[in-house]
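What the coordinates show
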Amino acid sequence: MIITKTPFRISFVGGGTDHFNPLSQVPGRVICTTINKYMYVVVNKKYDDTVRLSYSLTENVNSVKQLDHLIIRKTLENFKINKGIEVLTIADIPSSGSGLGSSSTLTVGLTKALYEFQKKKINKKNLSIEASNIEINKCKKPIGMQDHYAAAYGGLNSILFKQNKTVSVNKVKISNSRLLNFKSHLIMFYSGINRKADKILGKIKKEKKENTHYEKLSILAKNFEHELTKGNLLNLGHILNENWMLKKNLHKSVSNINLDNIYDRAISAGAMGGKLLGAGGGGYFLFFVKPEKQKDVKKKLSKFQCIDFDFSNEGSIIHNV
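In short, a report on the structure. (Residues numbered from 1 in each chain as written. Predicted model: local features only at pLDDT ≥ 70, side-chain atom pairs only at ≥ 80, totals over all residues. Heavy atoms only, no water.)

**Remarks on the sheet that holds strand β10 (residues 284–288)**
- As summarised here, the arrangement of the four strands in space is β9-β10-β8-β11, forming an open sheet in which the pairing is antiparallel. Here the strands that pair on one side only, and so sit at the sheet edges, are β9 (273–276) and β11 (305–307). Sheet twist, expressed as the mean angle between neighbouring strand axes with direction ignored, is 25 degrees.
- As paired strands, strand β8 (residues 186–190) and β11 are joined by three bridges and run antiparallel to one another. If you follow M188 over to β11, its bridge partner there is I307.
- The sheet strands contacting helix α8 (residues 235–248) are β9 and β10, and the helix crosses β9 at an angle near 40 degrees. (Pairing = 2+ DSSP bridges. Helix = DSSP H or I, 4+ residues; strand = E, 2+ residues; numbered from the N terminus. Axes fitted to C-alpha atoms, helices over the stretch in contact; angles between N-to-C directions. Contact = heavy atoms within 4.5 Å.)

Set out below in structure tokens:
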């Protein structure tokens, strides 16, 4: 039995630039971190030739090609596994449609588990490349690549998507005390709304506003890294707010009146900025709030679950129980 433990991620700024854009004068750039909330993927050789999946649903079928779960089916096919296997997924928090990169976390965790299952090794770079290829090309999802790299590498990173079609993952250089100060300004709430990120991202691509904002979002990510490592941490709230306003402008499905109301209430209670994580449309809100104002924000958003979290440094690993 193989078990992988793969972290979810928070993307601060630059989401929407995590692909290769030959029309841009600047590389795509995302600042993101993994957190101490995980998806566990269990892979086991089945006692017979059938296939069993257990996620929010259970599937028992005779062959992999009969599976309904697209990502798991395509990943198993990628490894030329047709039968005689069972796969179980478990998450620490509500993750499907959450904005925490859950589909890519699953793809990375399952890919790593299947390499181990077949007694092969894979490094972080190739794990990111293979998992993104499965989800973007084989599953035909109109998503970016940041989530696969975040889940595979782990930690607080600046990820560049260069014009020469290469990706570089760079650890953000920040002192531990400054990192703790930054973390103390972040609070996260679960909106209770789940959505399909690929549907929203598909609408954004059709709107064709993405290229207009690509360079602006990339530059915001560069500014965010500067303020985070060398500048005034309080400016991060304003950058998050500017990033969110740009993202909202990409398509009307990114936000709605109810979500705008949550955001406005947090700002009125003292939040300096924030965003819906991921593509938008639901999932988790992240706010940047001075510690002395957090009680007021939590009171204002008391009907929503406040999620306790911390940063994590480790990417997808084989989990030894």
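**So, the side chain of K275**
- Along the chain, K275 falls in strand β9.
- D147 provides the closest opposite charge to the buried, unpaired K275, separated from it by 9.3 Å.
- Looking at K275, its side chain comes within polar contact range of the main-chain oxygen of S11, at 2.7 Å.
- At 3.3 Å, the side chain of K275 and the backbone oxygen of F12 are in polar contact.
- Not counting chain neighbours up to four residues away, the residues in contact with K275 comprise S11, F12, L240, N243, W244, Y263, Y284, F285 and L286. (Buried < 20%, exposed > 50% of the residue type's maximum accessible area, 1.4 Å probe, protein only. Lys, Arg positive; Asp, Glu negative; His and termini not counted. Salt bridge = Lys/Arg side-chain N within 4 Å of Asp/Glu carboxyl O. Polar contact = N/O pair within 3.5 Å; in protein donor to acceptor, adjacent residues only side chain to side chain.)

**A look at the nonpolar core**
- With 61 residues, the main nonpolar core has I10, F12, V43, F182, M188 and F224 as its most contacted residues.
- In terms of residue count, helix α2 (residues 102–117) provides more of this core than any other element does, six residues in total.
- Here M188 is in contact with I10, I35, L100, L277, Y284, F285, L286, Q305, C306, I307 and F309, once residues within four sequence places are set aside.
- F189, A271, V289 and L301 belong to the second largest nonpolar core, which has 16 residues in total. (Core = buried A, V, L, I, M, F, W, Y, C linked by side-chain atoms within 4.5 Å.)

**Things to note about the packing of helix α1 (residues 70–78) against α2**
- Remark: α1 packs on α2, axes separated minimally by 10 Å, with the N-to-C direction vectors making an angle of 30 degrees. With respect to α2, the element α1 is oriented roughly parallel. Our pair here, α1 against α2, has a crossing hand that is right-handed. Only S103, L106, T107, L110, T111 and L114 of α2 make contact with α1, whose side of the interface consists of I71, I72, T75 and L76. (Parallel < 35°, antiparallel > 145°, perpendicular 65-115°, else oblique. Left-handed = near helix turned anticlockwise from the far one by under 90°.)

**Things to note about the packing of aromatic side chains**
- Here the structure, examined in full by the defined rule, presents 16 aromatic pairs.
- Their ring planes at 55 degrees and their centres at 6.5 Å tell us that Y38 and Y40 sit as a pair that is tilted.
- Y38 sits in the buried class, given a relative accessible area of 14%.
- Joined through ring pairs, the aromatic side chains of F12, F182, F224, F309 and F311 make up one cluster.
- In this structure, K5 packs its charged tip against the face of Y38, placed 4.4 Å from the ring centre.
- Its guanidinium or amino end placed over the ring of F309, K183 lies 4.4 Å from that ring's centre, counting from NZ or CZ. (Phe/Tyr/Trp six-rings, centres within 6.5 Å; stacked < 30°, edge-to-face > 60°. Lys NZ or Arg CZ within 6 Å of the ring centre and 35° of its normal.)

**Considering the pattern of salt bridges**
- A complete count under the given rule lists six salt bridges for this structure.
- With a closest N to O distance of 2.6 Å, D147 and R9 form a salt bridge. You can see D147 sitting in helix α4 (residues 146–153) and its partner R9 sitting in strand β1 (residues 2–13), a full 138 residues away along the chain. Comparing D147 with R9, the two get one shared label, buried.
- One salt bridge in this structure joins E225 and R29, with 4.0 Å as the shortest N-O distance. Note that E225 is positioned in helix α7 (residues 210–229) and R29 in strand β2 (residues 28–45), a separation of 196 residues in sequence.
- Among the residues examined, R29 registers a relative accessible area of 14% and is labelled buried.

**Points about the side chain of S11**
- Looking at where S11 falls in the secondary structure, it is placed in strand β1.
- Within the structure, the side chain of S11 is placed 3.3 Å from the side chain of Q146, a separation counted as a polar contact.
- Beyond its immediate chain neighbours, meaning those up to four positions away, S11 contacts V30, I31, C32, Q146, K275 and L277.

**A few points about the pairing of strand β3 (residues 51–54)**
- Bridge count between β3 and strand β4 (residues 58–61): four bridges; the pairing is antiparallel. What sits directly across from V51, in β4, is V61.
- Turn length for the β3-β4 hairpin, with the two strands adjacent in sequence and antiparallel, is three residues.
- Examined bridge by bridge, β3 and strand β5 (residues 85–91) share four bridges and lie parallel to one another. Looking at the pairing, L53 lines up with V87 of β5.

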